[in-house]
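Structure at a glance
One letter stands for each residue in the lines below.
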Amino acid sequence: MLSPYLIVTIQFILGLIIFGTICREYVLGWLRRSDVFVAIAPVLLYQGFRFLGLTMLAPDQVAPGQDMDAIEVIAYGDLAAAVTGIIAALAAYRRSALTVPLAWLFSVVGIADLVSVGITVAAAGTLEEGIGVMWITFGLIAPLLVLSHGYVLYVLIKRKDEFSTSVA
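Report on the accompanying structure. Computed from a predicted model, the values in this text were never measured in an experiment.

Another aspect to go through is the layout of surface pockets. Space inside the largest pocket adds up to approximately 530 Å³. Lining of the largest pocket is provided by 27 residues; of these, Leu114, Val117, Thr137, Phe138 and Ala142 occupy positions nearest its centre. Of the residues forming the lining of the largest pocket, the biggest block, six residues, is contributed by helix α4 (residues 99-124). Here the lining of the largest pocket is composed, by residue class, of 19 nonpolar, five polar and three charged. Counted as a void, the second largest pocket has a volume near 260 Å³. Lining the second largest pocket we find 13 residues, and of these Cys23, Leu31, Val43, Ser148 and Tyr151 sit closest to its centre.

Dropping the structure here:
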């Protein structure tokens, strides 16, 4: 029998390969040609789906015996990343001068959350106890979250000058 950590690693890597290929072949060209605000807004908005982490706090969604303190760290960290991502996306849609600082704030919160989830899951034995339908996030949502974080950082660093010339 495969370890749950090996399973999640395989799922995550395959998700990265699939979504990375889709992004490279179909999405990045459009994003590169787009105005910087247009390019960053939907990527930030996608992060809003991290609200799904709250599902782990609903009754009967995780196995009995789970370390609920660890589950709360995961759920609330995801929520914080979702909210900061949505706020940064709304600023970008409005071409606000606050877009850059909000996108940086989101990046810090979101990346800290991803690191925290990895550490928390491993330390608390979360995968051994069972996380119900949230398991699917490791193969379908987490890889795209990681890729989109990379893209947001790329835009903030490589296209930073475009923000100041495009502010409404």
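Moving on from the model shown.
For the rest of this paragraph, the subject is the side chain of Thr84. Residue placement: Thr84 occurs in helix α3 (residues 68-93). If we skip the residues at most four places from it in the chain, Thr84 touches Leu105, Phe106 and Val109.

What counts, and where the lines are drawn
- Residues numbered from 1 in each chain as written.
- Predicted model: local features only at pLDDT ≥ 70, side-chain atom pairs only at ≥ 80, totals over all residues.
- Heavy atoms only, no water.
- 1 Å grid on protein atoms, 1.4 Å probe; cavity = no way out; pocket = protein on both sides within 12 Å on 5 of 7 lines; lining within 4 Å.
- Points joined across faces, edges and corners; volume = space filled by probe spheres on them.
- Helix = DSSP H or I, 4+ residues; strand = E, 2+ residues; numbered from the N terminus.
- Nonpolar A, V, L, I, M, F, W, Y, C, P; charged D, E, K, R; others polar.
- Contact = heavy atoms within 4.5 Å.

The values reported here are purely geometric and, on their own, carry no functional implication.
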